[in-house]
Amino acid sequence: MGMNVGSGSAKGADPEPMMEMNMTPLIDVLLVLIIMMIITIPKQNHSVNLNMPVGNPPPLTNEKPVVVTIDVDFDGTILWDGQVVSNRAELEAKMNGVAAMPNQPEVHLRPNKLVEYKVVAGVMATAQRLGVTKIGMVGNEQFQ
């Protein structure tokens, strides 16, 4: 039985350096790090929590909702169902009437694209302050 201890060079010569690196400890450390990372990653939930309505839904009706249209022209003129509203007090009186109804009509606000925002914001603020709940912005094809 024989064992190769070194190259067959002469006595006293420097041994050849080892040219490859031992990868086993590096791989062991990397595997431990990967396992630690997998263990510490939190569980991913692919669900969205929603608060769903509770109770019976209201009965469906076939009647069409009453619609009130408020147009705001490019110069700030406010039109209530085609009728010019002369001042803020008249607008508030009309909105008070809408807010007082038990089944409020839908209020469609149709601003012109050239009108200043403060006029439209004023109409929306008045509706909110007086308790109009069914209000929405609608595209305004006739004034554009």
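Keep in mind that this is a model prediction, so the values were computed, not measured. (Residues numbered from 1 in each chain as written. Predicted model: local features only at pLDDT ≥ 70, side-chain atom pairs only at ≥ 80, totals over all residues. Heavy atoms only, no water.)

Caption draft 1: Layout of the packing of helix α2 (residues 88–100) against helix α3 (residues 117–130). In the contact formed by α2 and α3, the axes pass within 9 Å of each other and the chain directions differ by 40 degrees. It follows that α2 is oblique to α3 by the angle criterion. Helix-helix and strand crossings are classified by hand; for α2 and α3 the assignment is right-handed. On α3, the residues touching Arg88, Leu91, Glu92, Met95, Asn96 and Ala99 of α2 are Gly122, Val123, Thr126, Ala127, Arg129 and Leu130. Counted by class, the contact of α2 with α3 contains 6 nonpolar, 3 polar and 3 charged residues. (Axes fitted to C-alpha atoms, helices over the stretch in contact; angles between N-to-C directions. Helix = DSSP H or I, 4+ residues; strand = E, 2+ residues; numbered from the N terminus. Parallel < 35°, antiparallel > 145°, perpendicular 65-115°, else oblique. Left-handed = near helix turned anticlockwise from the far one by under 90°. Contact = heavy atoms within 4.5 Å. Nonpolar A, V, L, I, M, F, W, Y, C, P; charged D, E, K, R; others polar.)

Caption draft 2: Looking closely at the sheet that holds strand β5 (residues 135–137). Taking strand neighbours across the sheet as the criterion, the 5 strands line up as β3-β2-β1-β4-β5 in an open arrangement whose pairing is mixed. The open sheet has two edge strands with one neighbour each: β3 (83–85) and β5. Each strand of the sheet is rotated relative to its neighbour by a mean of 30 degrees, with strand direction disregarded. Examined bridge by bridge, strand β4 (residues 106–111) and β5 share 3 bridges and lie parallel to one another. (Pairing = 2+ DSSP bridges.)

Functional significance is not addressed by these values, which are geometric in nature.
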